[in-house]
Each structure stands twice: as C-alpha cells, then as structure tokens.
Amino acid sequence: MMAKGLPSKNSIVPPPVWTLVKGNLIYVAALALVAVSTAIEPSFLSTSNIANILSQIAPLGVVVIGQSFVLLARGLDLSIASTMAAAAVVLTVFPRSSGYTVPVIFVSILIGLATGLVNGVLVAKRKVSPFLATLATMIVLQGLRFYWTQGAATGEVPALFRTLGAGNIFGVPINFIILMAIGAVFWVVLHRSSYGRRVFMVGGSPEAARLVGIGVDRVIISTYMISGGLAAVAGVLLAGYVGTIDGYLGRGFELQSIVAAVIGGVALTGGQGSLPHALTGAAILVIVSNAVLLFGIPVQFQIVLSGLIVIAVAAFQRTKAS
Amino acid sequence: MVDLAQGLRRWQVRMPAGIWTVLLMIVALSLVGIYTSDEFSRVRNLSNICEQTVAVSIGALGQTLIILTGGIDLSIGSLVSLLSVLTSGLINQDPARVVPVCLGVIATGAAVGAINGLLIARLRIHPMIVTLGSGAVLQGAALLYSLTPTGGVPPEFENVAYGRVYGIPILAVITALAYVGVALFLKRVYAGRLIFAIGDNPHSADLVGLPYTRTIVLAYSASGLCGALAAIYLVSRFGVGQPYAGENLMLSSITPVILGGTLLTGGRGGVMGTLLACYLLAILNNILNFLDVSTYVQLIAQGLIVIGAVSAQFSKESR
C-alpha cells in the first residue's frame with residue numbers, strides 16, 4: 001500500500017530494468033517532451049527560456065505540493081486560487097515605505113492556514129464533501145476579497161517580493177530555489193516522517209487508520225492547512241513574478257494543481273503518490289504551454305492541446321495501474 | 001396517530017434528507033423576502049426568479065444524473081460556451097437556419113457527452129480528469145472559433161427565452177416538467193434504476209453484469225444534451241453567443257445538485273432536490289439584490305449558505 005518500490009527493495013533478486021523504468025515513466029515523459037520541443041524549436045533550450053520555465057514552475061509547484069498532501073489523504077482543495085489571491089492582496093495593504101513588508105508575509109500565510117483550518121474542520125468534523133467545503137470557502141474568500149478591495153485591487157507589490165518572485169541568483173530564478181527548498185522540506189515530511197506515513201494511511205483506508213489509533217481528523221485538517229499555507233506562499237510568489245495584483249490572481253491554479261498531481265500519479269482516491277512525481281507533473285504542464293507558445297501556435301490551441309494531454313496521460317496512467 | 005407517524009416516516013424515507021433542509025430554507029428566505037421588500041412577492045418578481053433559474057437548472061439536471069452515477073462533469077461550462085458561439089455563429093441572423101442549427105447543436109452536445117462517457121467507462125479514467133481535459137479542449141475550440149461574441153439570431157428567436165403566458169415564463173414551466181419527467185424516469189424505468197445501482201457500487205454492479213458502459217454513456221450524453229439546451233437558451237436570451245457564455249456554469253451547476261441532497265459519492269439523491277436548490281439560490285440572490293447588498297457580499301452569503309446547508313445534511317447522514 002505504501003511506496004511501490006518497497007517489496008522489491010526487500011527481495012534479494014534485483015528488480016528487472018523495466019520495473020525501474022515503469023516506476024519513473026513520468027521522468028521519461030518529461031525528458032521526451034523536452035527532447036521533442038528542442039528538436040522542433042532549438043531556442044527551447046536557451047538559458048533564458050529555461051530560466052523562464054523554471055520561474056513559471058515555481059508558483060504552480062508550491063501549490064502542487066499542498067494539493068498532493070490533500071489528495072493523498074482523500075481530499076481535494078478547490079480554494080487554492082482564492083487563497084493565493086487573498087494572500088497577494090494582503091501584500092499591498094501597507095504602503096511601501098512603512099517597513100512592514102516582512103511581517104505582512106506572515107499575515108498572508110496566516111490567512112492561508114486559517115482557510116485550510118476551516119476546510120479541514122468542515123471536511124473532517126462536519127463530514128462535508130471536500131469538493132463542496134473548499135468550493136464554499138473559495139466563494140466566501142472571493143467575496144471577502146472583493147468586498148475589501150471594492151472589486152479593484154490596487155497597490156504595488158513591495159520590492160522584496162518582486163525580487164523573490166522574479167529575481168535570480170547566478171541565472172537561477174529565486175522563486176525556483178524557494179520551490180526546491182519547500183519541496184525538500186515537504187519531501188522529508190511526506191516520505192520520511194511518521195506524519196507522512198499517517199497521511200498515506202488515512203488516504204489508503206481512513207477506517208483502518210482510525211482502528212490503528214491514528215487521529216484521522218487531525219491528519220485531514222493538517223493536510224488542508226499545509227495546502228492553505230503553501231497556497232498563500234505561492235500567491236506571494238506569483239504576485240512577485242507578475243508584478244501586479246488583481247482579484248483573480250492564481251485563477252485556474254486549483255484545477256491545474258490537481259491535474260499536475262494526477263499526471264504525476266497521485267491517486268484521486270488517496271493513499272498513492274509521490275511528491276517528486278507530482279512536481280514533475282507540474283513541470284510537464286508548464287513545459288507544454290511554454291513550448292506551444294514558442295512554436296507560435298495560437299494560444300487558443302494551447303488550451304486544446306493541454307486538455308488532450310491531460311486525457312492521454314491519465315489514460316496511460318490507468319492502463320499502467322491495472 | 002401511529003398511522004400518521006408511520007406514514008410520515010415512510011414519506012421521509014422516500015424523500016432524500018436534503019430536500020427538507022432546502023424546502024425549509026426556501027420558506028424561511030421567502031418570509032425574509034416578504035418582510036423586507038414589497039416587491040418580492042409581486043408576480044413580476046416571482047416570474048423573474050423563475051426565469052433566472054432556467055439556465056442553471058437545465059445544466060444542473062444533467063449534472064445530477066452524472067453525480068448520481070458517482071461521476072462529475074466539469075466540462076459542461078466549456079461545452080455551453082462552444083455551443084453558444086456555434087449556435088449564433090452558424091445561424092447568423094438567418095431564420096431558415098434556426099431549426100437545422102439547433103438540431104445539429106443538440107446532437108453535438110449529446111455526442112460530446114457520449115465521448116466523455118466512453119472515455120470514463122472504457123478507459124476507466126477518473127471523471128474529474130476526463131471532463132477537465134475535455135473541458136479544456138472544448139473551451140479552446142470555442143476560442144478558436146471566435147474570440148469575441150459572434151453572429152446573431154433573428155429577433156423572434158428571443159421569444160424562446162422570454163416567452164410568457166399570463167405572466168408565467170413558459171420555459172421555467174417546461175424545465176420543471178422535464179425535472180418531473182426525469183424523476184419518474186429515475187424511479188420507474190429500468191435504465192433509471194441502473195444509474196442508482198451503478199452509482200451506489202460500481203464494482204458490484206459490474207459483477208452482477210449490469211451494463212456499466214451503456215449507463216455511464218447515457219448519463220453523460222444526457223448532460224451533454226442539457227448543455228446544448230442551456231447554450232441555445234443563453235443565445236436566445238442574450239441574442240448572441242459568447243465564447244465564455246458558460247464559464248460560471250461549471251460550478252453553478254454542481255452547487256444545487258449537492259445542496260439538493262445528492263451525494264457526490266453517487267447512488268443517493270434525486271433531481272427534485274436539485275430543482276428546489278436552484279430556486280433556493282435564485283431566491284437568495286433576488287433578496288440580496290433587493291436589500292441592495294453588493295455582489296461581493298452576495299458571494300459571501302452564497303458560500304455561507306452552501307456550508308450551512310451541506311454541513312447540516314451531512315452531519316445527519318454520517319453514521
């Protein structure tokens with residue numbers, strides 16, 4: 001039920017090469033995508049384009065980490081985009097000169113955690129379906145945001161966040177470095193800690209987890225809080241990347257993060273998946289849209305293509321699993 | 001007394017729990033409406049409410065069937081967008097083309113639904129992923145066809161949306177009748193019972209040899225058909241098709257289904273709860289409009305109502 005590699009690790013006979021490839025098909029797919037894109041348009045591999053792709057992966061990747069936690073515990077978080085925008089709007093509350101730029105990020109994250117807490121309590125304690133609970137908080141948050149900004153969010157993104165979102169160190173985008181750091185921390189949390197095991201167990205079978213004495217409710221609530229907190233971070237990063245703030249910042253990220261996680265093999269039914277794979281799923285989504293733009297294909301066609309890819313990859317995943 | 005209690009209990013068993021919550025909330029909200037505004041109970045306003053629910057309730061009808069099978073249709077909004085630009089773009093003010101184009105659009109909607117259903121049933125991909133993907137394809141197609149509102153329909157076509165007999169909007173009545181028809185279909189017809197059986201437990205339904213694929217395809221094509229009808233309705237209402245016409249329908253067609261007591265896990269619920277929930281949401285928005293509440297606060301209220309109603313239902317049903 002846990003990591004797929006476990007049985008083969010314990011056996012003496014080394015696993016056949018095919019099983020190794022099979023478990024890591026997502027990387028093969030990503031590399032193939034890069035190869036094909038480069039073959040069609042060599043400038044795909046230019047330093048500037050790679051930096052571009054990496055910094056576009058960052059906000060989505062941060063969100064995918066949180067979404068994966070929620071999905072692994074049999075949940076679903078649709079409130080992500082709303083949380084991102086709320087966190088970003090908060091950034092502009094204080095005037096640039098006031099020196100409150102650092103505390104403000106904590107306020108943003110706090111909003112994310114609070115949203116996650118509400119989601120988690122509704123799902124775990126009130127038994128509301130995750131779809132509806134997070135849909136409702138999404139709507140409420142959107143209403144609050146628009147009420148507060150009176151429909152038009154204004155104000156500038158503080159310089160510090162501009163640097164975090166769009167700056168680079170030796171050519172490597174800072175936001176991508178942040179993603180890697182967050183990814184590493186949550187990889188340890190998910191794949192190397194007892195808490196991570198509990199997340200997998202709750203997703204695999206909540207009833208069994210309850211019987212073994214795991215605080216199922218607490219695990220579920222914590223996954224939503226992780227997702228909410230990370231969504232706030234992603235909102236700050238995206239606002240820094242874009243440079244302006246509007247009430248719909250992060251629109252579509254809730255569904256894209258689900259798609260990325262599913263492409264990466266995270267089961268919508270919970271209990272199965274891995275963080276690196278999910279992040280590679282996010283990379284694939286970004287690479288596809290980047291390549292299509294680079295090829296000069298109309299943007300509308302990009303939407304069609306990403307839809308077809310989602311179905312194709314999911315169909316492939318299914319046949320692999322069965 | 002015993003008979004009455006027994007009868008009531010039996011009645012309650014037949015009515016899904018959600019319906020009672022929704023009915024109660026409709027009554028409560030209506031009382032609020034009557035007390036806070038003289039306009040609320042006027043025939044004209046009530047007709048408006050009925051008219052405003054048509055698009056959502058047509059979309060939610062198909063969505064209910066799908067959710068009863070344990071699936072979900074996230075592509076319906078994009079389907080409506082595509083079909084609405086196609087309808088007005090192809091008719092392009094020519095009265096002679098109205099009937100053939102509408103028939104073609106309806107067939108296309110059903111066909112798109114059938115493809116969704118086949119992908120889900122045959123390839124066993126999660127419905128959320130399939131319809132998310134096909135939704136992107138459809139939205140992209142709509143934008144490829146036209147980036148702006150396009151074409152137009154003859155003025156008489158607008159009567160479809162605004163037609164009234166003695167002040168009663170005909171289409172709202174027809175929609176309600178369609179709901180009753182589908183409710184009877186779900187209750188009395190074998191194919192309708194299959195939807196419940198498969199939604200309740202797809203695995204054992206498969207083991208007993210029930211036609212899984214056929215039922216799933218039926219439900220999704222019904223939703224595609226509803227999407228086509230909603231698209232035609234929107235075109236007749238606005239006089240033109242827009243490439244984002246159905247954007248809100250994706251979520252606004254799901255909310256009333258769940259509010260109405262249909263479980264997202266499938267196999268429990270029914271269409272009448274959905275219809276009532278559509279009216280509940282319309283009445284809520286109507287009252288908030290009269291109270292001069294900004295649309296932002298309307299959003300907040302809608303979210304809170306959803307949370308309230310659903311957590312009331314679910315806490316009753318769990319264990």
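What you see is a predicted model, and the numbers here were worked out from it, not measured in a lab.

Asks: Just to check I follow, could you spell out the overall build of chain A for this structure?
Replies: Looking only at helices and strands, one finds 15 helices and 2 strands in chain A. Relative to its length of 322 residues, chain A is compact, with a C-alpha radius of gyration of 20 Å against a globular reference of 20 Å. Its C-alpha atoms put chain A at 65 × 55 × 35 Å along the principal axes. Going through the 322 residues of chain A one by one, you find that 52% of them count as buried. Accessible surface computed for chain A: about 14100 Å², of which carbon and sulfur atoms make up 70%.

Asks: How do you make sense of helix α14 (residues 271-290) of chain B when you look at a structure like this?
Replies: Residue and element names in this part refer to chain B. If you check α14, its first and last C-alpha atoms are 29 Å apart, about what 20 residues at 1.5 Å a residue would give, namely 28 Å. For α14, the tally of buried residues reaches 15 of 20 residues, placing the bulk of the element in the interior. One or two positions beyond α14, positive phi appears at D292, with a value near 65°.

Asks: Just to check I follow, could you spell out the packing of aromatic side chains for this structure?
Replies: Think of a pair of aromatic rings as described by two things: how far the centres are apart, and how the planes are tilted against each other in angle. All names here are of chain A. Applying the stated rule across the entire model yields 2 aromatic pairs over all chains. When the ring of F146 is compared with that of Y248, the centres are 5.3 Å apart and the planes differ by 55°; the resulting orientation is tilted. Remark: Y248 occurs in the loop between α12 (216-242) and α13 (253-263) and F146 occurs in helix α7 (residues 130-149); sequence separation between them is 102 residues. For F146, a relative accessible area of 8% corresponds to the buried category. Classification of Y248 as partly exposed rests on a relative accessible area of 40%. Residue placement shows R251 over the ring face of Y248; its charged tip is 4.5 Å from the ring centre.

Asks: Sorry, what's going on with the environment of L251 of chain B here?
Replies: Among the secondary structure elements, L251 of chain B is positioned in helix α12 (residues 249-252). When the C-alpha atoms of L251 of chain B and I76 of chain B are compared, they prove to be 9.4 Å apart, with 175 residues separating the residues in sequence.

Asks: Looking at this structure, I do not really get the packing of helix α3 (residues 25-40) of chain A against helix α14 (residues 275-294) of chain A. What am I missing?
Replies: Relative orientation and spacing of two packed helices are given, respectively, by the angle between their axes and the distance between those axes. All names here are of chain A. Remark: α3 packs on α14, axes separated minimally by 9 Å, with the N-to-C direction vectors making an angle of 20°. Relative to α14, the element α3 lies roughly parallel. In the crossing of α3 with α14, the sense of the turn from one axis to the other is left-handed. The segment α3 lies against α14, with I26, Y27, A29, A30, L33, V34 and S37 engaging P276, H277, T280, G281, I284, I287, V288 and A291. A per-class count over the contact of α3 with α14 returns 11 nonpolar, 4 polar and no charged.

Asks: So what exactly am I meant to see when it comes to helix α6 (residues 101-124) of chain A here?
Replies: Residues spaced three or four apart along an α-helix point in a common direction, a consequence of the helix completing one turn every 3.6 residues. The end-to-end C-alpha distance of α6 of chain A, which contains 24 residues, comes to 35 Å, matching closely the 34 Å that a straight helix rising 1.5 Å per residue would cover. Along α6 of chain A, the positions that sit buried rather than exposed are V104, I105, S108, G112, T115, G116, N119, G120, L122, V123 and A124 of chain A.

Asks: Even after reading the chapter, I still don't get the environment of E51 of chain B, so can you show me in this structure?
Replies: All names here are of chain B. On the secondary structure map, E51 appears in helix α3 (residues 43-68). Among the residues examined, E51 registers a relative accessible area of 9% and is labelled buried. When the C-alpha positions of E51 and A282 are compared, they lie 9.6 Å apart, and in sequence the two are 231 residues distant. Look past the residues within four positions of E51 in its chain and what remains in contact with it is A161, Y162, R164, P169, Y233 and R237.

Asks: Whenever I open this one, the confidence of the model for chain B confuses me. Can you help?
Replies: Detailed reading of the predicted model is not advised wherever pLDDT is low. All names here are of chain B. With 91% of its residues at a pLDDT of at least 70, chain B reaches an overall mean of 87. Segment residues 315-319: pLDDT under 50, and 7 contacts once partners within four positions in sequence are set aside and those in other chains are kept. At the level of chain-chain contacts, confidence expressed as ipTM amounts to 0.77, with global pTM at 0.81.

Asks: Is there a simple way to think about the interface of chain A and chain B in this case?
Replies: The interface of chain A with chain B comprises 36 residues on the first partner and 43 residues on the second. For the pair chain A and chain B, the number of links is 1 salt bridge. The salt bridge involving R251 of chain A is made with E247 of chain B; its shortest N-O contact spans 3.5 Å. Counting every contact that joins chain A to chain B gives 1 residue pair in polar contact (both at pLDDT 80 or more). For the side of chain A that touches chain B, the secondary-structure elements that each account for two or more residues are α7, α13 and α15 (299-321) of chain A. Here the element with the most residues in the side of chain A that touches chain B is α7 of chain A; it accounts for 12 residues.

Asks: Explain unusual backbone geometry here, please?
Replies: Working note: non-glycine residues mostly have negative phi, and peptide bonds are mostly trans. Residue and element names in this part refer to chain A. Unusually for a residue other than glycine, K127 sits at a positive phi of about 60°. For K127, the location among the structural elements is in the loop between α6 and α7. A positive phi is found at F170, a non-glycine position, where the angle reads about 50°. Relative to the assigned elements, F170 resides in the loop between β1 (168-169) and β2 (172-173). On the accessibility criterion, F170 (85% relative accessible area) is exposed.

Asks: Sorry, what's going on with the pattern of salt bridges here?
Replies: A pair can form between side chains of opposite charge whenever their charged atoms are brought close. This model, assessed by the stated rule, comprises 9 salt bridges over all chains. Note that R210 of chain A and E207 of chain A form a salt bridge whose closest N and O atoms lie 3.8 Å from each other. One end of the pair, R210 of chain A, and the other, E207 of chain A, are both in helix α11 (residues 206-211), 3 residues apart, so they sit about a helical turn from each other. You can call R210 of chain A partly exposed: its relative accessible area is 38%. We classify E207 of chain A as partly exposed; its relative accessible area is 47%. Each of E39, R42 and R44 of chain B takes part in salt bridges that share partners, so that together they form one network.

Asks: Looking at this structure, I do not really get a nonpolar patch on the surface. What am I missing?
Replies: All names here are of chain B. Nonpolar side chains collect at one region of the surface, where V165, Y166, I168, I170, V173, I174 and L177 lie side by side and expose about 720 Å² of accessible area between them. Sorting elements by how many residues they give to the nonpolar patch places helix α8 (residues 170-188) first, with 4 residues. By the element assignment, I170 lies in helix α8.

Asks: Would you mind going over the confidence of the model for chain A with me for this structure?
Replies: Residue and element names in this part refer to chain A. Residues of chain A with pLDDT of at least 70 account for 91%, and the chain-wide mean is 86. Per-residue pLDDT, averaged within each element of chain A, yields its smallest value for helix α1 (residues 6-10) (51) and its largest for helix α9 (residues 174-191) (96). Taken as a whole, residues 1-6 scores under 50 in pLDDT and shows 5 contacts with residues more than four places along the chain or in a different chain.

Asks: Where do I start with the nonpolar core in this structure?
Replies: Across soluble globular proteins, nonpolar side chains have a tendency to be buried as a group. Ranked by internal contacts, the top residues of the largest apolar core, which has 182 residues, are I65, F69 and F131 of chain A. Residue contributions to this core peak at 14 residues, all from α12 of chain A.

Asks: Would you mind going over the packing of α8 of chain B against α14 of chain B with me for this structure?
Replies: Residues and elements named next belong to chain B. Following both chains from N to C, one finds α8 and α14 inclined at 155°, their axes separated by 8 Å at the closest point. What the angle tells us is that α8 and α14 run roughly antiparallel. On α14, the residues touching A172, A176, Y179, V180, V182, A183 and L186 of α8 are V271, M272, T274, L275, C278 and Y279.

Thresholds, definitions, all that
- Residues numbered from 1 in each chain as written.
- Chains lettered and ligands numbered in written order.
- Predicted model: local features only at pLDDT ≥ 70, side-chain atom pairs only at ≥ 80, totals over all residues.
- Heavy atoms only, no water.
- Helix = DSSP H or I, 4+ residues; strand = E, 2+ residues; numbered from the N terminus.
- Rg over C-alpha atoms; globule rule 2.2 N^0.38 Å.
- Buried < 20%, exposed > 50% of the residue type's maximum accessible area, 1.4 Å probe, protein only.
- Areas by Shrake-Rupley, 256 points an atom, 1.4 Å probe, with all protein chains shown as cover.
- Expected span 1.5 Å × (residues − 1).
- Phe/Tyr/Trp six-rings, centres within 6.5 Å; stacked < 30°, edge-to-face > 60°.
- Lys NZ or Arg CZ within 6 Å of the ring centre and 35° of its normal.
- Axes fitted to C-alpha atoms, helices over the stretch in contact; angles between N-to-C directions.
- Parallel < 35°, antiparallel > 145°, perpendicular 65-115°, else oblique.
- Left-handed = near helix turned anticlockwise from the far one by under 90°.
- Contact = heavy atoms within 4.5 Å.
- Nonpolar A, V, L, I, M, F, W, Y, C, P; charged D, E, K, R; others polar.
- pLDDT = per-residue confidence, 0-100.
- Salt bridge = Lys/Arg side-chain N within 4 Å of Asp/Glu carboxyl O.
- Polar contact = N/O pair within 3.5 Å; in protein donor to acceptor, adjacent residues only side chain to side chain.
- Patch = residues over 30% accessible without salt bridge, like charges linked within 9 Å, V, L, I, M, F, W, Y side chains within 5 Å.
- Core = buried A, V, L, I, M, F, W, Y, C linked by side-chain atoms within 4.5 Å.

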